Amino acid sequence: MMTILKKTRQKLLNENKFSKYLIYAFGEIVLVVIGILIAIAINNNNEEHKIRAKELNYLSGIKSDIHLNLIELKTFIKARETSVNSAENILEFFKNKKEVIPDKFNFNSLNVQIWYPFKRNENTYQELINSGNLAIISNDSIKDILINSQLGYKQISFLERHMTYDFENYIYPIYFSTTDLESDISNYTYQLSNGTDGERTALSKEKIELLLKNQTFKNGFVLSIFNNKKLITEYKNMIFMTEKLINLIDLELIKNK
């Protein structure tokens, strides 16, 4: 092709047809420019495909992570609801509305005191942020929910720290200095496992009655109900956002099938 163009250009010069040569040269330049533009367009298209593939890979990873979070959130709601129910049962003992049965008091008391903070799966999101690739997420709604989710989880962490503070100041010191923790945990484990683990140890009713006379100890359970109910609300908000995010990601993934 280049040889043919070169021969044609040389022929026009030899024939002294300068005006035709200029027209031809201009046309040749246009062809070169068009070729360059096509090459750039192809290169840009390839880059866009690479970026889109990376975006979809991130979205798939995020979906896997938040799906696990969704399962955990639902599990934690049940745990927090159980804790609220146990704390309310403890308050019934304080109000003398129930006979003090050591096994029941011990089970409900430890059911409130033994808890775990929520640990979310966010490996893909952290990789996205640390790599500076958040901008490649083209769907603004997805980005907004990802950012709002971070705020939601910060609120959950705040409430959990607050609950830890309340336990450490209102319940644990009094409980640990009054009861035999080894015996209590063994009894609790026995009840929790329906007799397959732990041991049904004898518990001191007198020590429990000492706890029931302590106003600070009672206030700890009141605060635990308040904090757990707030956590349940936040967990439900996160479930709503997570389910919406999964639906949006699914729509993005479907586009490329």
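Residues numbered from 1 in each chain as written. Predicted model: local features only at pLDDT ≥ 70, side-chain atom pairs only at ≥ 80, totals over all residues. Heavy atoms only, no water.

K.L.:
Tell me about the side chain of Ser 193, and please be specific about residues and values.
P.N.:
Along the chain, the position of Ser 193 falls in the loop between helix H6 (181-192) and helix H7 (205-211). Ser 193 sits in the buried class, given a relative accessible area of 19%. Side-chain polar atoms of Ser 193 contact the backbone oxygen of Thr 189, separated by 2.8 Å. (Helix = DSSP H or I, 4+ residues; strand = E, 2+ residues; numbered from the N terminus. Buried < 20%, exposed > 50% of the residue type's maximum accessible area, 1.4 Å probe, protein only. Polar contact = N/O pair within 3.5 Å; in protein donor to acceptor, adjacent residues only side chain to side chain.)

K.L.:
For the nonpolar core, give the residues involved together with the corresponding values.
P.N.:
Residues Phe 105, Ile 142, Phe 217, Phe 221, Tyr 235 and Ile 249 are the most contacted members of the largest nonpolar core, which totals 55 residues. Among the secondary structure elements, those contributing two or more residues to this core are helix H2 (18-94), helix H3 (102-113), helix H4 (123-130), helix H5 (140-178), H7 and helix H8 (215-255). No other element matches H2, which puts 15 residues into this core. (Core = buried A, V, L, I, M, F, W, Y, C linked by side-chain atoms within 4.5 Å.)

K.L.:
Account for the packing of aromatic side chains, naming residues and giving values.
P.N.:
Under the defined criterion, the tally for this structure stands at 13 aromatic pairs. With a centroid separation of 6.2 Å and an interplanar angle of 45°, the aromatic rings of Trp 115 and Phe 167 are classed as tilted. Of the two residues, Trp 115 sits in the loop between H3 and H4 while Phe 167 sits in helix H5, which places them 52 residues apart along the sequence. Trp 115 sits in the buried class, given a relative accessible area of 14%. A residue is classified by how much of its surface remains accessible, and Phe 167, at 1% relative accessible area, is buried. Taking 6.1 Å as the distance between ring centres and 45° as the angle between the ring planes, the aromatic pair formed by Phe 118 and Tyr 235 counts as tilted. Note that Phe 118 is positioned in the loop between H3 and H4 and Tyr 235 in helix H8, a separation of 117 residues in sequence. Pair check on accessibility: Phe 118 and Tyr 235 agree, each one buried. (Phe/Tyr/Trp six-rings, centres within 6.5 Å; stacked < 30°, edge-to-face > 60°.)

K.L.:
Can you break down the layout of surface pockets residue by residue, with the values?
P.N.:
When its volume is computed, the largest pocket comes out at roughly 250 Å³. Residue lining of the largest pocket: Phe 76, Ala 79, Arg 80, Thr 82, Ser 83, Asn 111, Ile 114, Trp 115, Tyr 116, Tyr 188 and Leu 192, and that is the complete set. Only H2 and H6 provide two or more residues apiece to the lining of the largest pocket. Tallying contributions element by element places H2 first for the lining of the largest pocket, with 5 residues. Residue composition of the lining of the largest pocket, by class: 7 nonpolar, 3 polar and 1 charged. (1 Å grid on protein atoms, 1.4 Å probe; cavity = no way out; pocket = protein on both sides within 12 Å on 5 of 7 lines; lining within 4 Å. Points joined across faces, edges and corners; volume = space filled by probe spheres on them. Nonpolar A, V, L, I, M, F, W, Y, C, P; charged D, E, K, R; others polar.)

K.L.:
Before we move on, can you summarise H4 with the specific residues and values?
P.N.:
Along H4, the residues classified as buried are Thr 124, Tyr 125 and Leu 128. The buried residues of H4 occupy an angular sector of 100° when projected down its axis, which confines them to one face. Turned more than 90 degrees off the buried face of H4, the exposed positions are Asn 123 and Asn 130. (Arc of directions from axis to C-beta.)

K.L.:
I'd love a proper account of the packing of H3 against H5, names of residues and values included.
P.N.:
A pair of packed helices is characterised by two quantities: the angle between their axes and the separation of those axes. H5 packs onto H3 with a crossing angle of 140° between their chain directions and a minimal axis gap of 12 Å. Helix-helix and strand crossings are classified by hand; for H3 and H5 the assignment is left-handed. In this structure, H3 uses Asn 106, Ser 109, Leu 110, Val 112 and Gln 113 to contact H5, whose residues at the interface are Phe 167, Ile 171, Tyr 172 and Tyr 175. Per-class residue counts for the contact of H3 with H5 are 6 nonpolar, 3 polar and no charged. (Axes fitted to C-alpha atoms, helices over the stretch in contact; angles between N-to-C directions. Left-handed = near helix turned anticlockwise from the far one by under 90°. Contact = heavy atoms within 4.5 Å.)

K.L.:
So what about the environment of Arg 52? Which residues, and what values?
P.N.:
Mapped onto the elements of the fold, Arg 52 is located in helix H2. Linking Arg 52 and Ile 136, residues 84 residues apart in sequence, is a C-alpha distance of 7.8 Å. Separated by 2.9 Å, the side chains of Arg 52 and Glu 55 make a polar contact.

K.L.:
Could you give me a rundown of the packing of H3 against H6, with the residues and numbers involved?
P.N.:
Remark: H3 packs on H6, axes separated minimally by 9 Å, with the N-to-C direction vectors making an angle of 90°. Comparing their axes, H6 and H3 come out roughly perpendicular. Between H3 and H6, the residues in contact are Asp 103, Asn 106, Phe 107, Leu 110 and Asn 111 and Asp 184, Ile 185, Asn 187, Tyr 188, Gln 191 and Leu 192, respectively. Residues of the contact of H3 with H6, tallied by class, amount to 5 nonpolar, 4 polar and 2 charged. (Parallel < 35°, antiparallel > 145°, perpendicular 65-115°, else oblique.)

None of this, on its own, says anything about what the molecule does.
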